[in-house]
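Residue-level structure breakdown
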Amino acid sequence: MRSKPFLLVLILFFTVSFSSQAKSLPGGVSEYKMKVRHYAISLKVFPNLKSIQGTNVITFEMECRDSNIVLDLDHRLKIESLTFKDKELKFKRSLKKIYIQLGNALNKGEKGVLKVRYSGEPEVAIQAPWKGGFVWSQDKEGNAWVGLACESKGASIWLPCRDKWDNEVDSMSMELIVPEGLTGVSNGKLIRVANESGGYRSFLWKTLNPINHYNISVNVGKYVHFNDVGGLSNKLSLDYYVLSYNLEKAKKHFLEVDSMLDIFEKTFGPYPFYEDGYKLVETPYWGMEHQSCVAYGNNYKYHPFGFDFIIVHESGHEWFANSITARDPADMWIHESFTTYTEFIYLEQRYDIGLATDYLMTQKAKIVNKRTLLGPIGIDYHGWKDNDIYYKGSWMLHTLRNSVSNDSIWFKILYGMGTKFSHQLTDTRAVVNYMDSMAGGTYQPFFKQYLSRTSLPVLKLQVSKNKSGKTILKYKWKGVENGFSMNVYINAISDKIKIVPGEKIQELILPDNFNPEWLLELERRYLIKVQLKY
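Quantities reported herein were computed from a predicted structural model and do not represent experimental measurements. (Residues numbered from 1 in each chain as written. Predicted model: local features only at pLDDT ≥ 70, side-chain atom pairs only at ≥ 80, totals over all residues. Heavy atoms only, no water.)

1. Topic: the pairing of strand β3 (residues 66-72)
The buried fraction of β3 amounts to five of the seven residues, a majority that puts the element mostly inside the structure. Note: β3 against strand β7 (residues 97-106), six bridges, orientation antiparallel. Bridging across to β7, Leu71 finds its partner in Ile98. (Buried < 20%, exposed > 50% of the residue type's maximum accessible area, 1.4 Å probe, protein only. Helix = DSSP H or I, 4+ residues; strand = E, 2+ residues; numbered from the N terminus. Pairing = 2+ DSSP bridges.)

2. A word on the packing of helix α5 (residues 333-350) against helix α8 (residues 407-420)
At a minimum axis separation of 13 Å, α5 and α8 run at an interaxial angle of 130°. Taken as axis vectors, α5 and α8 run oblique relative to one another. Viewed along their axes, α5 and α8 form a crossing whose handedness is left-handed. Here Phe338, Tyr341, Ile345, Glu348 and Gln349 of α5 come into contact with α8, specifically with Trp410, Phe411, Leu414 and Met417. Its residues assigned to classes, the contact of α5 with α8 shows seven nonpolar, one polar and one charged. (Axes fitted to C-alpha atoms, helices over the stretch in contact; angles between N-to-C directions. Parallel < 35°, antiparallel > 145°, perpendicular 65-115°, else oblique. Left-handed = near helix turned anticlockwise from the far one by under 90°. Contact = heavy atoms within 4.5 Å. Nonpolar A, V, L, I, M, F, W, Y, C, P; charged D, E, K, R; others polar.)

3. Describing the sheet that holds strand β20 (residues 294-296)
Read from one edge to the other, the open sheet built from five strands follows the order β16-β17-β18-β20-β19, with strand pairing classed as mixed. What marks the edges here is a single partner per strand, and that holds for β16 (223-230) and β19 (287-288). Taken together, the two bridges between β19 and β20 define a ladder with antiparallel strand orientation. Following the sheet pairing, Met288 is matched in β20 by Ala295. Where helix α4 (residues 309-316) meets the sheet, it contacts β18 (278-282), β19 and β20, and its direction lies at approximately 165° from that of β20.

4. Some remarks on the pattern of salt bridges
A pair can form between side chains of opposite charge whenever their charged atoms are brought close. What the rule picks out here adds up to 21 salt bridges. Salt-bridge contacts for Glu63 lead to Arg162; the nearest nitrogen and oxygen are separated by 3.9 Å. Of this pair, Glu63 sits in the loop between β2 (51-62) and β3 while Arg162 is found in the loop between β10 (144-149) and β11 (171-179), placing the two residues 99 residues apart along the sequence. Exposure class is identical for Glu63 and Arg162. Each is buried. Glu256 is the salt-bridge partner of Arg350, the closest N and O atoms lying 3.5 Å from each other. With a gap of 94 residues between them, Arg350 in helix α5 and Glu256 in helix α3 (residues 256-268) connect regions that are remote in the sequence. Judged by relative accessible area, Arg350 falls into the partly exposed class, the value being 38%. Owing to a relative accessible area of 4%, Glu256 belongs among the buried residues under this scheme. (Salt bridge = Lys/Arg side-chain N within 4 Å of Asp/Glu carboxyl O.)

5. Thoughts on the sheet that holds strand β27 (residues 506-509)
Picture the strands of a sheet paired through backbone hydrogen bonds; they go either parallel or antiparallel. Strand order in the open sheet made by the four strands is β27-β24-β23-β28, with mixed pairing throughout. The open sheet is flanked by β27 and β28 (529-533), the only strands paired with a single partner. Along the sheet, successive strands turn relative to each other by an average axial angle of 20°, direction set aside. Inspection of the sheet shows strand β23 (residues 458-465) paired to β28 by five bridges, in the parallel sense. Paired with Lys460 across the two strands is Gln531, which belongs to β28.

6. Remarks on the packing of aromatic side chains
Under the defined criterion, the tally for this structure stands at 37 aromatic pairs. Here Trp286 and Phe309 contribute two aromatic rings whose centre-to-centre distance is 5.5 Å and whose plane-to-plane angle is 25°, an arrangement assigned as stacked. Of this pair, Trp286 sits in the loop between β18 and β19 while Phe309 sits in helix α4; the two residues are 23 residues apart in sequence, bridging distant segments of the chain. Between the aromatic rings of Phe307 and Tyr346, the centroid separation amounts to 6.2 Å while the plane-to-plane angle is 55°, which identifies the pairing as tilted. Note that Phe307 is positioned in the loop between β20 and α4 and Tyr346 in helix α5, a separation of 39 residues in sequence. Residue classification places Phe307 among the buried residues on the basis of a relative accessible area of 0%. Taken together, the aromatic side chains of Phe264, Phe268, Tyr271, Phe273, Tyr274, Tyr278, Trp319, Phe320, Trp333 and Phe338 make up a single cluster linked through ring pairs. (Phe/Tyr/Trp six-rings, centres within 6.5 Å; stacked < 30°, edge-to-face > 60°.)

7. Observations regarding the confidence of the model for the protein
Close reading of the predicted structure is inappropriate where its pLDDT is low. Put simply, the protein has an average pLDDT of 92, and 94% of its residues get 70 or more. Considering only residues more than four positions removed or in separate chains, one finds that residues 1-23, a stretch of pLDDT under 50, has 28 contacts. (pLDDT = per-residue confidence, 0-100.)

8. Description of unusual backbone geometry
In this structure, Pro129 follows Ala128 across a cis peptide bond, with omega equal to 5°. Along the chain, Pro129 turns up in the loop between β8 (111-120) and β9 (133-138). Phi is positive for Lys50, close to 55°, though the residue is something other than glycine. Among the secondary structure elements, Lys50 is positioned in the loop between β1 (34-46) and β2. Judged by its relative accessible area of 43%, Lys50 falls in the partly exposed class. With phi around 55°, Lys85 is a residue other than glycine that occupies positive phi space.

9. A look at the environment of Ser259
Within the secondary structure layout, Ser259 lies in helix α3. You can call Ser259 partly exposed: its relative accessible area is 25%. Measuring from C-alpha to C-alpha, the distance between Ser259 and Leu232 comes to 9.4 Å, with 27 residues separating the pair along the chain. Ignoring any residue separated from it by four or fewer positions in sequence, one finds Ser259 in contact with Tyr346 and Arg350. A distance of 3.1 Å separates a polar side-chain atom of Ser259 from the backbone oxygen of Glu256. (Polar contact = N/O pair within 3.5 Å; in protein donor to acceptor, adjacent residues only side chain to side chain.)

The following block contains the structure:
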C-alpha cells in the first residue's frame with residue numbers, strides 16, 4: 001500500500017502535468033531569451049569517418065532586451081566559429097549548453113542572424129528510432145547508407161539549435177553534401193543538385209512550413225527516385241527515395257499511400273504540408289515521422305491485418321505530431337494516441353469496422369496500466385517504459401467515440417483537430433477543452449481518469465430477477481475520478497440500451513430477449529473493466 005506522502009506527491013505531479021506550463025524565467029521569458037525563426041543548414045556527411053561538418057545560419061528574434069542568448073549542442077561536437085554581424089563572438093560551454101555573448105544588447109522583438117560552424121562525430125544510435133542518433137550503415141551492395149532519428153535525444157546531438165519542442169522554426173533549408181554516387185534527402189522540396197569539389201555532390205532542400213527540430217531529417221544512400229501525385233486534390237506531390245535494387249518492389253508496395261492519404265484527408269483535413277510535399281525515404285531503421293520526409297524501414301512487409309504499419313502510422317503523424325505538436329514531450333500522448341487511432345480509422349474506412357475492432361483488440365491486450373499517459377513537465381521527459389501512450393491512448397479515444405455514439409459529431413471532432421490545431425504548438429489542456437466542448441461538455445473527468453490515473457474504470461454489473469420475473473440490471477462505477485461520466489450502450493437486437501452509470505447503484509429492467517453476451521461485448525467498445533455478477 002502506498003504511503004500518504006507518496007500520494008500527495010503523485011497528486012501534485014499530475015496537477016502540474018495536466019496544466020502543461022512550460023518552464024521559463026521570470027516574466028515568461030525562456031532561458032534562451034530568443035525565438036528561432038529560420039535555420040539555413042549546410043551539412044557535409046563523411047560516412048567512412050562517421051562524422052559531419054556543418055554550418056547553421058540561425059535567424060532569431062529576441063524575447064526580451066538582453067546581450068546574451070543560449071543554444072544547445074552536444075559536447076561531442078566542436079564549435080569551429082560563432083559569428084554575429086561578421087564578428088567572432090565569445091561563448092562558454094557547459095554540457096550541451098552554449099552561452100553566447102552578443103556584445104551590444106538587442107531589444108525585445110529585434111531580429112538577428114547567428115552563424116555557427118561546427119564538426120565532429122555525432123552520437124550513434126543504439127536502437128533507432130527509440131534510442132536515437134546517427135545510423136551509419138551499408139546496403140546489401142556495400143554502399144553507405146546513413147540515417148538520423150533523434151526524437152528522444154533531441155536535434156542538439158548533431159545541430160546547434162534551440163532544442164526545445166516549444167519553438168518550431170517558421171521554415172528552414174538543408175544543404176546535404178554527400179559523396180558522389182550517393183543522394184542526400186531531407187525535408188521539403190528539392191531545389192538544387194550541384195557538384196562539389198573533392199568528389200561530393202550537394203542537395204539543397206527547402207521547407208516552407210513550421211517544423212520541429214527533432215523532425216529535421218538526414219538521409220544518405222544510393223537512392224533512386226520515382227514520383228506521383230495524390231491526395232483528394234490529386235495535386236499533392238508524392239516522392240519516393242528507395243534503394244536502387246528495391247525499385248520495382250517499392251513501386252507496387254507504395255500504391256497503398258494514395259488510398260491512405262485520401263482516407264486521412266477526408267477524416268483529418270487536408271494534408272498539412274502541401275507546399276513541401278509528401279515523401280517516403282527508405283532508411284536503415286524501422287521508421288520515423290520526419291515531416292514531409294517519412295522514414296520507412298519496414299522491408300515492404302504487410303501487417304497480418306493487411307496494411308503496412310510503418311507507412312500508415314508514420315504518415316498519420318503528419319497530422320498528429322508534425323502539424324499538431326505538443327510543446328512539451330510530457331504531452332506526447334497527443335502525438336501517439338491520435339496517430340495510433342489513425343490505424344483504426346484506416347482499417348475501418350478501407351475495410352470495415354469489424355476488422356478494425358479486431359485490430360484494436362490485439363492492441364488492448366498490450367495495455368499495462370502501470371504509468372500515466374502524462375509525464376512531468378519541463379524536463380524533456382522521454383521516460384516512457386511501455387506503449388500505453390499508443391494503445392491505451394487510442395482506446396481512450398475509441399471509448400469516447402462510443403460514449404458520444406454519434407459518428408457525425410465524432411468525425412467533426414477529428415476533422416476539427418486536424419484543421420483547427422493545424423501548424424500549432426499545443427498541450428493537454430487545450431486538446432481536452434476542445435474535445436470536451438465538442439463532445440458535450442461533460443468529459444473533463446473522463447480525460448483526467450484516463451490521462452492522470454493508471455487504473456481503469458470498473459463497471460460493476462449485477463443481473464437478477466425481480467418478483468415479477470423480469471430481468472433487472474444493477475450498475476455503478478467503481479474506482480473512478482470524481483464526477484466521471486460517460487454513456488455506455490448495451491447492444492440489444494433492436495435498439496441500443498443506454499445507461500449512464502454513476503458511483504451509486506442504479507437499475508433498469510432489461511428486455512425479455514436479454515442476452516448476457518451483450519454485457520460481455522462492452523469490453524470490445526470501451527476501455528473499462530466489467531465485473532459481472534448473477
